[in-house]
Amino acid sequence: MGNNIPVTLTEILNHSVKLLKEKDIRDARLNTELMLCDILKCDRVNLYLNFEKPISKNEAALFREYLRRRLTLEPLQYILGKTSFYGFEFIVNKSVLIPRPETELLVEKILSDITEKKKENVSIFEIGTGSGCISIALAKMLEHENINFDIFSIDKSKEAIDTANQNFKLNNLEGKQIKFYMKDVFEINKLTRHYDYIVSNPPYIAIDEFIELDAEVKDYEPDFALTDFGNGMKFYERIFRIASDNDFSGSVYCEIGFGQRSKTEELLEEYKFSNYTFYKDYSGTDRILEVTKK
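Just so you know, these numbers come straight off a predicted model, no measurement behind them.

Strand pairing within a sheet occurs via backbone hydrogen bonds; the two strands may be parallel or antiparallel. What the 7 strands build is an open sheet, ordered β5-β4-β3-β6-β7-β9-β8; its pairing is mixed. Two strands in the sheet have a free side with no partner beyond their single neighbour: β5 (178-182) and β8 (276-280). Across the sheet, the mean angle from the axis of one strand to that of its neighbour is 15°, orientation sign disregarded. In the sheet, strand β7 (residues 251-255) pairs with strand β9 (residues 286-292) via 5 bridges, with the strands oriented antiparallel. Bridge pairing in β9 links Tyr253 to Glu290. Lying on the sheet, helix α6 (residues 101-116) is in contact with β3 (121-127), β6 (197-200), β7, β8 and β9; it crosses β7 at an angle near 165°.

Laid out in structure tokens, this is it:
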């Protein structure tokens, strides 16, 4: 922010918004407000009520560091170390994907199915734990509805599993039937026990599309959580192979990428699935796949 550092919140806000806009960073004002709120331990309402207040040297130094990182295009969620998903707070870091609003639709569809079928006990197998946001959001909502659950979630990344376990504690789920386990899905050909649901938001971006992503995504979020380093369909092929086993009689819910419906349907046909539905996200893109075996 230079030697002539602004001192009041209003000055800091205006100066920082200008710098962020010069870098073409979207939502520059909101980004600045959220960084200030985090440092000052307040909400945005109180931030506005104290806009003429000067900040301390320590607060200014920390804000300069936040702003420096944001100007290098590091995602705001990593700078703050947290984000919100389905109304719950999650720790995030460079070892896990930042949860997207579209993925909330995946949680919503699973919960709707559970409610529609009036299930009192639910078992879920998740492929790709990441921050644990999907499993934890499901667990919190099922707990709220007094539905018994047993959730087993795998990820090949130890760092992701560690982060998910932190979020497990953050969301007060200790003692509940939810387990995060380090395992590569490509080492699994069939499930060894019954599950009502297989759930996944897998890495579905093809490698040729990945290299064209915005730097804010490509240079900071873990590549293995975004792309399969191939055509974007490797994880679906494995998921459908696992689900096609005669011993699995539940449903599969997956998030899919933009323009992947036709390729996904080809795989579904290959594995002889005929009972499936695609749901669109809020922008009208086919985003959630539901596959039912019975």
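Another point: the pattern of salt bridges. Within this structure, the stated rule accounts for 21 salt bridges. Residue Lys190 pairs with Asp245 through a salt bridge whose shortest N-O separation is 3.9 Å. Note that Lys190 is positioned in the loop between β5 and β6 and Asp245 in the loop between α11 (234-243) and β7, a separation of 55 residues in sequence. Given a relative accessible area of 40%, Lys190 falls into the partly exposed group. Residue Arg241 pairs with Glu237 through a salt bridge whose shortest N-O separation is 3.2 Å. Remark: Glu237 and Arg241 occur in helix α11; sequence separation between them is 4 residues, near one turn of the helix. Within this structure, Arg261, Glu265, Lys280 and Asp286 form a network of salt bridges that share partners.

Evaluation of the coordinates by the stated rule reveals 11 aromatic pairs. Residues Phe125 and Tyr195 carry aromatic rings whose centres are separated by 5.3 Å and whose planes lie at 40° to one another, so their mutual orientation is tilted. One end of the pair, Phe125, is in strand β3; the other, Tyr195, is in the loop between β5 and β6, and 70 residues separate them in sequence. Judged by its relative accessible area of 5%, Tyr195 falls in the buried class. Where Phe186 meets Phe235, the ring centres are 4.9 Å apart and the plane angle is 70°; that geometry is what we call edge-to-face. One end of the pair, Phe186, is in the loop between β5 and β6; the other, Phe235, is in helix α11, and 49 residues separate them in sequence.

Attention now moves to the packing of helix α2 (residues 28-40) against helix α4 (residues 57-71). Packed helices, taken two at a time, are described by their axes: the angle between them and the distance between them. Closest axis-to-axis distance for the α2/α4 pair is 10 Å, and the angle between their directions is 145°. In the packing of α2 onto α4, the handedness of the crossing is right-handed. Residues Asn31, Thr32, Met35, Leu36, Asp38, Ile39 and Leu40 of α2 pack against Glu59, Leu62, Phe63, Tyr66, Leu67 and Arg70 of α4. Looking at the contact of α2 with α4, its residues break down into 8 nonpolar, 2 polar and 3 charged.

Here Glu33 lies in helix α2. Reaching out from Glu33, the side chain makes a polar contact with the side chain of Arg44 at a distance of 2.9 Å.

Turning to unusual backbone geometry, a few remarks are in order. Of note, Tyr86 is a non-glycine position whose phi angle comes to about 55°, a positive value. Its place among the elements puts Tyr86 in the loop between β1 (82-85) and β2 (88-91). In this structure Tyr86 comes out as partly exposed when scored by relative accessible area, which is 22%. In the Ramachandran plot, Lys272 falls in the positive-phi region, its phi being about 65° despite a non-glycine side chain. Residue placement: Lys272 occurs in the loop between α12 (261-270) and β8.

Conventions used here
Residues numbered from 1 in each chain as written. Predicted model: local features only at pLDDT ≥ 70, side-chain atom pairs only at ≥ 80, totals over all residues. Heavy atoms only, no water. Pairing = 2+ DSSP bridges. Helix = DSSP H or I, 4+ residues; strand = E, 2+ residues; numbered from the N terminus. Axes fitted to C-alpha atoms, helices over the stretch in contact; angles between N-to-C directions. Contact = heavy atoms within 4.5 Å. Salt bridge = Lys/Arg side-chain N within 4 Å of Asp/Glu carboxyl O. Buried < 20%, exposed > 50% of the residue type's maximum accessible area, 1.4 Å probe, protein only. Phe/Tyr/Trp six-rings, centres within 6.5 Å; stacked < 30°, edge-to-face > 60°. Left-handed = near helix turned anticlockwise from the far one by under 90°. Nonpolar A, V, L, I, M, F, W, Y, C, P; charged D, E, K, R; others polar. Polar contact = N/O pair within 3.5 Å; in protein donor to acceptor, adjacent residues only side chain to side chain.

Just geometry here; none of it tells us what the structure is for.
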